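# Coordinates in review
For reference, the chains in residue letters:
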Amino acid sequence: MSHSETSTSNSLEFYKRFASLGHTFYTELQPTPIKSPYLIATSPSMLAEFNLSAKQMQSQEVVEIFSGNRAQPGSTPLASVYSGHQFGIWAGQLGDGRAILLGELASKQSGALHEIQLKGAGMTPYSRMGDGRAVLRSSIREFLCSEAMAGLGIPTSRALCITGSDQYTMREMPEKTAIVTRTAPSFIRFGSFEHWYYNDKSEQLKTLADFVIEHYYPDLAQSENPYQALLRAVVIKTADLVALWQSVGFMHGVLNTDNMSILGLTLDYGPFGFMDGYDPAHICNHSDNQGRYSYQMQPRIGQWNCHALAQALLPLIGDVESTQEALSCYVGQFESSYERVMQAKFGLTTLQADDQNLFTEYLEIMAEAGTDFTLAFRQLSRIQTTSKQNDNFLRDLFVNRERLDVWLESYRKRLQLEHSQDLERQTCMNQVNPKYVLRNYLAQQAIERAEQKDFSEVHKLLTILATPYDEQIEHETYAQLPPDWASTLSVSCSS
Ligand code: AMP
Ligand code: MG
């Protein structure tokens with residue numbers, strides 16, 4: 001048989017690294033088959049990662065494997081147990097209520113193992129009140145945003161494909177069902193550690209920490225206190241991640257500790273949002289009444305969550321001082337990371353004492369009249385160092401133009417101070433200020449078409465968002481201000 005004729009299932013050799021943790025960490029179970037599944041979309045870069053072709057993905061065999069209808073020989077699917085703090089309150093045991101790990105596949109590029117997880121493939125022992133399913137609407141959002149974040153260069157879980165079914169799932173109303181085939185080196189969360197800590201199971205806590213260090217932070221094994229080093233590494237990754245979120249106006253929406261990745265990845269795309277008109281207090285999750293997870297709260301919540309992880313790792317680290325010390329890295333790391341990314345967004349090659357004020361004031365002017373976050377940074381790159389010729393591209397976005405003009409004067413002075421070259425600066429700025437982000441209304445348009453079985457908009461967004469920093473003149477409309485109806489859209493935890 002030639003390679004193309006070889007059954008694709010032969011090339012899907014699942015490793016069982018997570019399963020080696022032992023049975024207390026998960027429950028083995030088969031996904032629940034769904035009615036007549038079909039392929040909605042695949043991520044070209046993830047296919048390349050696993051050496052799968054678009055044609056192979058079209059085969060019924062593969063669609064059935066990735067929708068959970070067909071058991072893959074050699075794979076022992078499982079749902080893992082974890083706990084967590086939800087909205088700041090200890091929620092006890094949660095677990096993969098609707099995610100089933102098929103096993104790990106080796107990257108053909110790096111050889112590294114990636115977990116392959118089906119989200120929405122049926123109930124598990126951890127489903128609590130849930131039905132184990134995910135609706136088409138939320139699955140399209142997760143699929144597109146995973147890939148959009150990767151395009152932005154922000155650490156994230158990925159999505160290999162999305163499969164659908166005309167079978168209905170009940171939410172506020174019946175909705176079509178879908179399954180996202182997610183991948184990440186690991187889906188282990190802060191809550192995975194909290195689980196063992198709060199259940200007073202020090203043996204499992206240690207097993208889990210050793211597993212994470214061995215496979216994901218091998219360099220730390222040599223540290224004097226590997227568990228303290230692990231906490232420090234996760235704190236740093238988390239602070240860096242939140243800084244990147246802030247820099248593109250991304251709001252996660254549900255930053256519970258069970259949604260915090262031990263690898264510093266963006267995890268679990270639910271009621272997330274990208275900022276349209278800038279309002280630092282914006283709450284993207286309609287169910288978040290207190291604004292705990294608003295845009296401006298994210299840095300503090302990242303720290304709060306690290307604190308929860310520190311608490312869980314304390315018995316392994318051994319003493320409060322060492323734990324505090326590792327935790328205390330958060331603030332400095334976030335500040336330097338955020339400053340660095342803002343410096344790049346404003347096109348500065350050096351960082352001067354007053355720059356923080358320059359950044360803050362621009363954000364304040366944006367907030368005054370709710371200027372579009374993405375456009376305000378993208379258009380900033382057109383400003384010229386010695387002439388006002390291009391100012392109107394930016395001024396058009398603002399209502400409070402007098403204040404902007406004053407700011408532009410100090411910005412120009414600042415650029416002149418470092419002899420900034422317009423073209424060079426613009427090129428650099430356009431590599432960090434995206435032109436295209438997954439605005440809620442864009443996702444909504446793709447969802448509405450998909451409900452009618454037209455997946456062209458999903459495919460189109462996937463392509464555009466894979467290279468969000470490129471001009472893509474032919475897709476200009478996707479970079480424009482959102483239409484008025486976009487402000488009435490609301491997203492909640494219902495998914
Ligand atoms: P999430 O907000 O998606 O992170 O979910 C919080 C917890 O509820 C996790 O333990 C999920 O596995 C579980 N969960 C969410 N939705 C469902 C569902 N439809 N069926 C079963 N479990 C769910
Ligand atoms: Mg979750």
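These numbers were taken from a predicted model, which means no experiment stands behind them.

Here is what the cut-offs are and how they apply
Residues numbered from 1 in each chain as written. Chains lettered and ligands numbered in written order. Predicted model: local features only at pLDDT ≥ 70, side-chain atom pairs only at ≥ 80, totals over all residues. Heavy atoms only, no water. Helix = DSSP H or I, 4+ residues; strand = E, 2+ residues; numbered from the N terminus. Rg over C-alpha atoms; globule rule 2.2 N^0.38 Å. Buried < 20%, exposed > 50% of the residue type's maximum accessible area, 1.4 Å probe, protein only. Contact = heavy atoms within 4.5 Å. Areas by Shrake-Rupley, 256 points an atom, 1.4 Å probe, with all protein chains shown as cover. Lys, Arg positive; Asp, Glu negative; His and termini not counted. Charge placed at Lys NZ, Arg CZ, Asp CG, Glu CD. Pairing = 2+ DSSP bridges. Domains from an automatic or database assignment. Buried area = accessible area lost by both parts, 1.4 Å probe. Donors = N, O, S within 2.8 Å, 3.2 Å for Na, K, Ca; no water. Phe/Tyr/Trp six-rings, centres within 6.5 Å; stacked < 30°, edge-to-face > 60°. Lys NZ or Arg CZ within 6 Å of the ring centre and 35° of its normal. Axes fitted to C-alpha atoms, helices over the stretch in contact; angles between N-to-C directions. Parallel < 35°, antiparallel > 145°, perpendicular 65-115°, else oblique. Nonpolar A, V, L, I, M, F, W, Y, C, P; charged D, E, K, R; others polar. Near = heavy atom within 4 Å. Polar contact = N/O pair within 3.5 Å; in protein donor to acceptor, adjacent residues only side chain to side chain. pLDDT = per-residue confidence, 0-100. Salt bridge = Lys/Arg side-chain N within 4 Å of Asp/Glu carboxyl O. Core = buried A, V, L, I, M, F, W, Y, C linked by side-chain atoms within 4.5 Å.

### Some details on the overall build of the chain
When helices and strands are tallied, the chain shows 18 helices and 12 strands. Here the C-alpha atoms of the chain give a radius of gyration of 23 Å, agreeing with the 23 Å that 2.2 N^0.38 yields for 495 residues. Each principal axis of the C-alpha atoms in the chain carries an extent, and together these give about 65 × 55 × 45 Å. Among the 495 residues that make up the chain, the fraction classed as buried is 58%. Contacts in the chain between residues far apart in sequence, at least 24 positions, make up 72% of those at least 6 positions apart. Of the roughly 20500 Å² of accessible surface on the chain, 51% is carried by carbon and sulfur atoms. One way to put it: in the chain the 40 positive side-chain charges average out to a point 4 Å from where the 56 negative ones average out.

### Description of the pairing of strand 5 (residues 89-93)
Of the strand pairs in this sheet, strand 4 (residues 83-86) and strand 5 are connected by three bridges, and their pairing is antiparallel. What sits directly across from Ser 83, in strand 5, is Gln 93. With antiparallel pairing between neighbouring strands as the criterion, strand 4 and strand 5 make up a hairpin whose turn holds two residues, including Phe 87 at a positive phi of roughly 50 degrees.

### Considerations on the domain arrangement of the chain
What the domain assignment reports for the chain is domain 1 (3-184), domain 2 (191-341) and domain 3 (346-429). Between the C-alpha centres of domain 1 and domain 2 the distance comes to 23 Å. Every contact between the two is made by 32 residues of domain 1 and, on the other side, 37 residues of domain 2. Counting each side, the surface lost to burial between domain 1 and domain 2 is near 2900 Å², with a carbon and sulfur contribution of 65%. Together, Arg 17, His 85 and Phe 87 form the three largest contributors to the area buried by domain 1 at its contact with domain 2, with a combined 22%.

### Details of the coordination of the magnesium ion (ligand 2)
For the magnesium ion (ligand 2), the full set of protein donor atoms is Asn 259 (OD1) and Asp 268 (OD), at a range of 1.9 to 2.2 Å. Both residues of the pair, Asn 259 and Asp 268, belong to the buried class.

### What to know about the packing of aromatic side chains
Following the criterion strictly, the structure yields 29 aromatic pairs and no others. Here the aromatic rings of Phe 250 and Phe 274 are separated by 5.4 Å at their centres, their planes lie at 65 degrees, and the arrangement is edge-to-face. Here Phe 250 is found in strand 11 (residues 250-251), whereas its partner Phe 274 is found in strand 12 (residues 273-274), with 24 residues between them in sequence. Both residues of the pair, Phe 250 and Phe 274, count as buried. Between Tyr 295 and Phe 373, the aromatic rings sit 6.3 Å apart at their centres with planes inclined by 65 degrees, giving edge-to-face as the arrangement. Of this pair, Tyr 295 sits in the loop between strand 12 and helix 9 (298-317) while Phe 373 sits in helix 13 (residues 373-378); the two residues are 78 residues apart in sequence, bridging distant segments of the chain. Take Tyr 295 and Phe 373: they sit in the same class, and that class is buried. Taken together, the aromatic side chains of Tyr 278, Tyr 295, Phe 346, Phe 359, Tyr 362, Phe 373, Phe 377, Phe 398, Trp 407 and Tyr 411 make up a single cluster linked through ring pairs. It is Arg 382 that lies over the ring of Phe 393; its NZ or CZ is 3.5 Å from the centre.

### A few points about the packing of helix 8 (residues 226-248) against helix 9
Here helix 8 crosses helix 9 at 170 degrees, and the two axes come no closer than 10 Å. With respect to helix 9, the element helix 8 is oriented roughly antiparallel. Across the interface between the two elements, Tyr 227, Gln 228, Leu 231, Val 234, Val 235, Thr 238, Val 242, Trp 245 and Gln 246 of helix 8 pack against Gln 298, Pro 299, Gly 302, Cys 306, Leu 309, Ala 310, Leu 313, Leu 316 and Ile 317 of helix 9. Class assignment for the residues of the contact of helix 8 with helix 9 results in 13 nonpolar, five polar and no charged.

### Some details on the site of ligand 1
Close to ligand 1 lie 17 residues, the nearest being Gly 95, Gly 97, Gly 132, Asn 259 and Asp 268. Within the backbone of Gly 95, a nitrogen or oxygen atom sits 2.6 Å from an oxygen atom of ligand 1. The separation between a nitrogen atom of ligand 1 and a polar side-chain atom of Arg 171 is 3.5 Å. Relative to its free-state accessible area of 480 Å², ligand 1 is covered by the protein chains to the extent of 83%. Here the shell around ligand 1 is built from residues that sort into two nonpolar, seven polar and eight charged. Counting contributing residues per domain, the shell around ligand 1 is built from domain 1 (3-184) and domain 2 (191-341), each supplying no fewer than three.

### Concerning the environment of Ile 283
Mapped onto the secondary structure, Ile 283 falls in the loop between strand 12 and helix 9. Judged by its relative accessible area of 33%, Ile 283 falls in the partly exposed class. Sequence separation between Ile 283 and Tyr 293 is 10 residues; the distance between their C-alpha atoms is 6.7 Å. What Ile 283 contacts, discounting residues up to four positions off in sequence, is Asp 288, Gly 291 and Ser 294.

### What about the side chain of Ser 80?
Relative to the elements of secondary structure, Ser 80 occurs in strand 3 (residues 78-80). Apart from residues no more than four positions distant in its own chain, Ser 80 is found in contact with Phe 18, Phe 25, Tyr 26, Gly 95, Asp 96 and Tyr 126.

### Considerations on the confidence of the model for the chain
If pLDDT is low for a region, its predicted coordinates should not be looked at in detail. Looking at the chain as a whole, the pLDDT averages 96, with 98% of positions reaching at least 70. Across residues 1-5 the pLDDT falls below 50, and counting only partners more than four positions away or on other chains, this stretch makes one contact in the model.

### Some details on the pattern of salt bridges
Tallying each qualifying case throughout the model produces 27 salt bridges. The closest approach of N and O atoms between Glu 64 and Arg 70, which form a salt bridge, is 3.6 Å. Residue Arg 70 is classed as partly exposed on the basis of its relative accessible area of 36%. Glu 471 is paired through a salt bridge with Lys 435; the nearest N and O atoms lie 2.7 Å apart.

### Looking at the nonpolar core
Ranked by size, the top nonpolar core spans 149 residues in total, and within it Phe 66, Phe 193 and Tyr 362 carry the most contacts. In terms of residue count, the dominant contributor to this core is helix 8 (13 residues). Excluding residues that lie within four positions of it along the chain, Phe 193 makes contacts with Ile 188, Leu 205, Leu 208, Ala 209, Val 212, Ile 262, Leu 309, Ala 312 and Leu 313.

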